[in-house]
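Residues per chain are reported as follows:
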Amino acid sequence: MMRPVGWMILAVAVVSSLTLPSEARVEPTHGFNMFSTQEEVQAGQQASGDVSKQLPVLPDSSPVTQYVQRLGAQLASHAPGEKWPYNFHVVNQKEINAFALPGGPIYVNLGTIQAADSEAQLAGVIAHEISHVVQRHGTRAASKQMAAQLPLAILGGMMGGSVLGRMASMGLSFGVGSYFLKNSRQSEKEADLLGTDIMYDSGYNPRAMAQFFAKIQAQGGSNTLQFLSDHPDPGNRAQYVSQEAATLPAKKYRTDSPEFAEIKQQVGGMKPLTAEQIAAGQKQAAASSSEGPTNDVTASGSLQTLDHSDYTISYPQNWRVLGDQNSAVTIAPLNGVTQNAVSYGAMISPYQPENPNTRLDQATHELLASIRQSNPDLRQIGNDENIRVNGVAGKSVDLIGKSPLQDQAGRTLEERDWLVTVERRDGSLLYFVFIAPDKDFGSLRPAFEQMLKSLRLK
Ligand code: ZN
């Protein structure tokens, strides 16, 4: 009889000793994530390589970059959770913006430094970006998308291979303009609250972070468009930042360092590029490269061969293979992968039916049901047909869905998806989804058929 009472007293004592000092910090949240920490770092590094090719990133030797790196490292040393390899960069761009890639790379536009009235405001933006890294917001968003997108619901459970390979095979990426750099309002609030603690623990007044966001929002216009789209206002920011700050003991906050004043003077004299100028530079670079016109989604008549671990297949010389050559791949024209989705091209993937004794017909229907479950917009047109693919039994199904592309009036294009399954020796399937907007499907069909004709299963 005595023992439970003793335990209860002990439990109460422990709880109150933990909650007494009112210095609790916000705990990072967790969510569904397909990326290991190692993959997360790798994904960020890959994207960081792309960013430095596409944006005018100041060299590490720039005094402005060195200042931001010191400020960033100071803030990052107070970040909770995983110790990501944080690194900081300045983009020579006029518009106010900042973004974080998975696993640590953080970019601040020069325009953001020009706009900051105090070191604490600049620290606020950086602390907010560090918090997006802590919360793994980018890879969490990507994981969600991958789970929802076409064959991945199937791929996810069935296949090995790296998540980066799978991501690439779906045409998804982090990097400039990536959908996954656009944060939800929920993510914004999480980054603000964690950022509040990081600011406080680094000696900066957290309210400066909320003030700077409010200032950016009040400024409006094209100068702030990208920032507000990547970091949408969750509402009541000033209020909840103040509330969180008020849970921490009052302290005397830091004032601007002499270095900040020097850097402010230096950036005041700099003329960063506008987004438009950067885009024009990119277009020029694309036009002068050997890849041909940027809207090329045609199939060249000459072929090259992919030697996959499960098969060989020939495909148009001017198309690219994305993805893991041991699992699923996407073969698409250079410009067939846009907006993080495949709009022209072929996805090829293995499929293991749930019941290993299932034959081609039933396995195809099972696959089709899975695909349609994750893509409710898809509808079958006509009946499925029995076909032979280079001597092997297969099925063919035509589907209509929604293209990621729009016409000039902004209407979503109809997409044709041609599903072909073939039976492998072990009873599992290899399946193809050939994709193009409905209006262009006819012109690409010969290229798709050519690919099927060349298929050799191993
Ligand atoms: Zn944000």
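Residues numbered from 1 in each chain as written. Predicted model: local features only at pLDDT ≥ 70, side-chain atom pairs only at ≥ 80, totals over all residues. Heavy atoms only, no water.

K.L.:
Would you mind showing me how to read the environment of S454 here?
P.N.:
Relative to the helices and strands, S454 is located in the loop between α16 (438-453) and β15 (456-457). For the pair formed by S454 and S314, sequence separation is 140 residues and the distance between their alpha carbons is 5.7 Å. (Helix = DSSP H or I, 4+ residues; strand = E, 2+ residues; numbered from the N terminus.)

K.L.:
Honestly, the nonpolar core in this entry has me stumped. Any pointers?
P.N.:
The tendency in soluble globular proteins is for nonpolar side chains to be buried side by side. Residues L75, Y86, I113, L122, I126 and I130 are the most contacted members of the largest nonpolar core, which totals 48 residues. Of all the elements, helix α5 (residues 119-134) adds the most residues to this core, at 9 residues. Discounting residues that sit within four places of it in the chain, I113 has contacts with V64, V68, V90, V108, L122, I263, K264 and V267. One finds V297, I313, L444 and L455 within the second-largest nonpolar core, a separate group that totals 27 residues. (Core = buried A, V, L, I, M, F, W, Y, C linked by side-chain atoms within 4.5 Å. Buried < 20%, exposed > 50% of the residue type's maximum accessible area, 1.4 Å probe, protein only. Contact = heavy atoms within 4.5 Å.)

K.L.:
Please explain α16 as it appears in this structure.
P.N.:
For the α-helix, the turn length of 3.6 residues means that residues three or four positions removed from each other point alike. The terminal C-alpha atoms of α16, which comprises 16 residues, lie 22 Å apart, in line with the 22 Å expected from a rise of 1.5 Å per residue. Considering bend angle alone, the principal kink of α16 is centred on L444 and spans about 55°; proline P446 follows within four residues of it. Those residues of α16 that sit buried are D440, F441, L444, A447, F448, M451 and L452. (Expected span 1.5 Å × (residues − 1). Bend = angle between axes of the 7 residues up to and from the residue.)

K.L.:
Quick question: what am I supposed to make of the sheet that holds strand β4 (residues 303-307) here?
P.N.:
Pairing between the strands of a sheet is mediated by backbone hydrogen bonds and can be parallel or antiparallel. Here we have 3 strands laid out as an open sheet, ordered β4-β5-β15, and antiparallel in their pairing. The sheet is open, and its two borders are formed by β4 and β15, each paired with just one other strand. Those strands touched by α16 are β4, β5 (311-316) and β15, and its axis lies near 155° from that of β5. (Pairing = 2+ DSSP bridges. Axes fitted to C-alpha atoms, helices over the stretch in contact; angles between N-to-C directions.)

K.L.:
Would you mind going over the packing of aromatic side chains with me for this structure?
P.N.:
To describe a pair of aromatic rings, one takes the distance between the centres and the angle between the planes. With the rule as written, the count across this model stands at 11 aromatic pairs. Taken together, a centroid distance of 4.9 Å and an interplanar angle of 15° make the contact between F99 and Y107 stacked. Of the two residues examined, F99 and Y107, each falls in the buried class. An aromatic cluster of at least three residues, connected via ring pairs, comprises W319, W418, F432, F434, F441 and F448. The lysine or arginine in question, K251, covers the ring of Y200, its NZ or CZ lying 4.2 Å from the ring centre. When the ring centre of F441 is taken as reference, the NZ or CZ atom of R416 above it lies at 5.4 Å. (Phe/Tyr/Trp six-rings, centres within 6.5 Å; stacked < 30°, edge-to-face > 60°. Lys NZ or Arg CZ within 6 Å of the ring centre and 35° of its normal.)

K.L.:
Explanation requested: the side chain of D197 in the structure shown.
P.N.:
By secondary structure assignment, the location of D197 is in helix α9 (residues 185-201). Look at D197: it is buried, it has no salt bridge, and the nearest opposite charge is R25 at 4.9 Å. Apart from the residues within four sequence positions on either side, D197 is in contact with R25, V26, E244 and L248. (Lys, Arg positive; Asp, Glu negative; His and termini not counted. Salt bridge = Lys/Arg side-chain N within 4 Å of Asp/Glu carboxyl O.)

K.L.:
Help me out: how do you make sense of the pairing of strand β12 (residues 392-406) in this one?
P.N.:
The pairing of strand β11 (residues 379-389) with β12 spans 8 bridges and is antiparallel. Looking across to β12, one finds that V389 is bridged to V392. Hairpin connection of β11 to β12: 2 residues between the antiparallel strands, including N390 at a positive phi of 50°. Direction of pairing for β12 relative to strand β13 (residues 412-423): antiparallel, over a ladder of 10 bridges. By the bridge assignment, Q406 is partnered in β13 with T412. Remark: 5 residues form the turn of the hairpin made by β12 and β13, two consecutive strands paired antiparallel; G410 in that turn has positive phi of roughly 85°.

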